[in-house]
Every structure is written in structure tokens, then in C-alpha cells.
Amino acid sequence: MSTYLPAIEIETRPNPEFAVIWLHGLGADGNDFAPIVPELGLNKDKGIRFVFPHAPAIPVTCNNGYVMRAWYDILFFEDIKRHADRKGIETSVEHITALIKRENERGIPTERILIAGFSQGGAMAYTVGLTYPEKLAGVIALSTYIPSPELIAEQAHPANAATPVFAGHGSMDPVVPMVLGQAAVEAVKTRGNPVEWHTWPMQHSVCIEEIRLIGSWINQRFA
């Protein structure tokens, strides 16, 4: 792509050696998770660039066509299933791929890049993380699900067949029921990816314990 999504960038020190591309949830923007960086407890001897992109603003069908920032349209809900617009997912994969390649151009190899996301952003983290043709450092998937299992089945790439995944979910989540998070974890495990799965007694959110565990997990990936 010739243009990049607008994004907030935070560097833990000059000339970072690692990068985390962190994708927000439906209706939010890149500001949503930027404040957690100081709370992660990251190794001070590692330079990490956090990129928090803003998804495009599009009409979301299941929200009566209301225009909001979204990685893809959700056509309707059927029980707990999300009927996601596959074309929209693929367009967002292109946007996120462009951000990964920009980090490569800035001197950070793909194997030192993590893809993270919350809710709809986590759905994109799963999708990009499992299909990207070069090995990533890992995937962080929070309060989320796999939006198009068919796309994963068709495009899963062996480069990331063993890429580690951190998955967290609230046991009282009314927006993305935990059963969807569990199903995603089982699907990823079946592919052979090692998964660290955690739950907390919370709704559709994150908690300080989760943030600290994520920080520890990032430190391990970027050791």
C-alpha cells in the first residue's frame, strides 16, 4: 500500500530493536492502549517501538450502519457467531502488512515484531499472525475470537505455524463471550502454536494483572 494508517508511536528508548503493532477494538482508536506501555514492566535494556494504528472509519452493519473505526464490517450476529466481512478483513490485513514492512524498512526484522490486539483488533492479530509469510515474534490476542476460520484454513502460513500466542479473556465478557476465546485458543493449538491462556473475572476489558503478565511475556519474546 502506498499510504500507512495513521498511528500513535511510543519508543521505550531511541533506535528501537523490536516493535509491537497493537490493534484497538471496534469503535476505539490507537489512543485506547497507548497508556499501558509504562505499566507493562518492560526490560529497560531493550528498545521497543509500539505502534498503535487507527483503523479506518466505516459503516458497521450490525450497529445500524453507524460509522466508526473498525477493522472490518460485522454483518450480523447469530447466537454468538460473528458474521464478518471477509473482504474487509483482507483489506485490513493489507494495512497491517504495510505497517510490518515499514518496521522492516526502519531496521526491525519481522522476527522481532509482535502483533497484539484487543477484541476486533485481536481478531486481526490472530488473522495476520497465522497467515503472515515471515516468522513473527508472537501474537497477543485479548478478549477476542477468530473472525474467519475459512480464511485461516486457506491462508495459514508455515512460517508462523509455531509462533507463540498469549491469549487472555474475561470470564464475564458480555461482548465477546469467553466460549469464543476458548474456541480460538483450541483452533490455534490444533495448528501447533504454543498458547498461553489466561482468564480473569472481568467483563470486556483488561486488568492490571493481565497487563503485567503481557509485559512479562513480551520480555520473554524480546530476550
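Shown above is the structure to which this text applies.
The structure contained in this document is the topic of the report that follows. The residue count restarts for each chain, going from 1 along the sequence in the order it is written. Two thresholds apply to this predicted model, a pLDDT of at least 70 for residue-level local features and 80 or more for giving and counting side-chain atom pairs, whereas whole-chain, interface and lining totals are computed over all residues. No hydrogens and no water enter the side-chain calculation; it runs on all heavy atoms of the structure.

Focus: the sheet that holds strand β2 (residues 18-23)
What counts is decided by this rule: Should DSSP find at least two bridges between two strands, the strands are regarded as paired. In this description a helix means any DSSP run of H or I spanning at least four residues, a strand means any run of E spanning at least two, and both kinds are numbered starting from the N terminus. To obtain an axis, a line is fitted to C-alpha atoms, over the contacting stretch when the element is a helix, and the angle between two such axes runs from 0 to 180 degrees between their N-to-C directions. Pairs of residues are marked as contacts when any of their non-hydrogen atoms sit within 4.5 Å.
Sheet architecture is open: seven strands sit in the order β1-β3-β2-β8-β9-β10-β11, paired in mixed fashion. The open sheet has two free edges, formed respectively by β1 (7-11) and β11 (195-200), since each of these has just one partner strand. Taken pair by pair, the neighbouring strands of this sheet meet at an average axis angle of 15 degrees, ignoring direction. Sheet analysis places β1 next to strand β3 (residues 48-53), joined by five bridges and oriented antiparallel. Bridged to E11 within β3 is R49. With respect to the sheet, helix α2 (residues 120-131) is in contact with β2, β8 (113-118), β9 (138-142) and β10 (165-170), its orientation differing from that of β8 by roughly 145 degrees.

Comments concerning the pattern of salt bridges
Our working rule: Salt bridge, as used here, is a side-chain nitrogen of Lys or Arg placed within 4 Å of a carboxyl oxygen of Asp or Glu.
Applying the stated criterion across every chain yields a total of ten salt bridges. Residue R102 pairs with E9 through a salt bridge whose shortest N-O separation is 3.4 Å. Within this pair, whereas R102 is found in helix α1 (residues 86-105), its partner E9 is found in strand β1, the two being separated by 93 residues in sequence. Residues joined by salt bridges that share partners form a network here, namely E9, E11, R49, R102, E103 and R106.

Quick notes on unusual backbone geometry
Threshold: Three exposure classes are used, based on accessible area relative to the maximum for each residue type with a 1.4 Å probe and protein chains only: buried under 20%, partly exposed in between, and exposed over 50%.
Phi is positive for N15, close to 50 degrees, though the residue is something other than glycine. Mapping N15 onto the fold places it in the loop between β1 and β2. The exposure class of N15 is exposed, given its relative accessible area of 69%. Here the phi dihedral of S119 falls at roughly 55 degrees; this positive angle occurs in a residue that is not glycine. Within the secondary structure, S119 sits in the loop between β8 and α2. Relative accessible area serves as the criterion here: at 8%, S119 is assigned to the buried category.

Considering the pairing of strand β4 (residues 57-60)
Sheet topology note: the β4/strand β5 (residues 66-69) ladder contains four bridges and is antiparallel. Directly across from A57, in β5, lies its bridge partner R69. Taken together, β4 and the strand that follows it, β5, pair antiparallel across an intervening segment of five residues, in which N64 is found at a positive phi of about 60 degrees.

Some details on the packing of aromatic side chains
Just so we agree on the cut-off: What counts as a ring pair is set by centres within 6.5 Å for rings of Phe, Tyr and Trp (its six-membered ring), and what kind of pair is set by the plane angle: stacked under 30 degrees, edge-to-face over 60, tilted for all other angles. Over a ring means this: the NZ of a Lys or the CZ of an Arg is within 6 Å of the ring centre and within 35 degrees of the ring normal.
The final tally for this structure, using the stated rule, is six aromatic pairs. Plain terms: the ring middles of W22 and F33 are 5.5 Å apart, the flat faces sit at 25 degrees to each other, and that makes the pair stacked. Of this pair, W22 sits in strand β2 while F33 sits in the loop between β2 and β3, placing them eleven residues apart in sequence. Here W22 falls in the buried class, since its relative accessible area comes to 1%. Among the aromatic residues, those joined into a cluster by ring pairs are W22, F33, F50, F52 and F118. The ring of Y4 carries the charged tip of R102 above its face, separated from the ring centre by 4.5 Å.

Quick word on the nonpolar core
Convention followed: Buried Ala, Val, Leu, Ile, Met, Phe, Trp, Tyr and Cys residues that are joined via side-chain atoms within 4.5 Å together make up what is termed a nonpolar core.
Membership of the largest hydrophobic core comes to 39 residues, with the highest contact counts inside it found for Y72, I115, M124 and Y126. Looking at this core, the elements that each hand over two or more residues are β2, α1, β8, α2, β9, α3 (149-155), β10 and α4 (178-191). Looking at this core, the element that brings in the most residues is α2, giving six residues. Among residues more than four places away in sequence, those in contact with I115 are I21, L23, I100, A125, V128, L136, G138, V139 and I140. Grouped together as the second largest cluster of nonpolar side chains are 27 residues, F33, L142, F166 and M202 included.

Looking at helix α5 (residues 208-221)
Definition in use: Helix span, as expected, comes to 1.5 Å for every residue beyond the first.
Between its first and last C-alpha atoms α5 spans 20 Å; for 14 residues at 1.5 Å apiece the expected length is 20 Å, and the two agree. All of the buried residues in α5 are E210, I211, I214, G215, W217, I218 and N219. Residues of α5 that are buried in the fold lie against β2, β3, β8, β9, β10 and β11.

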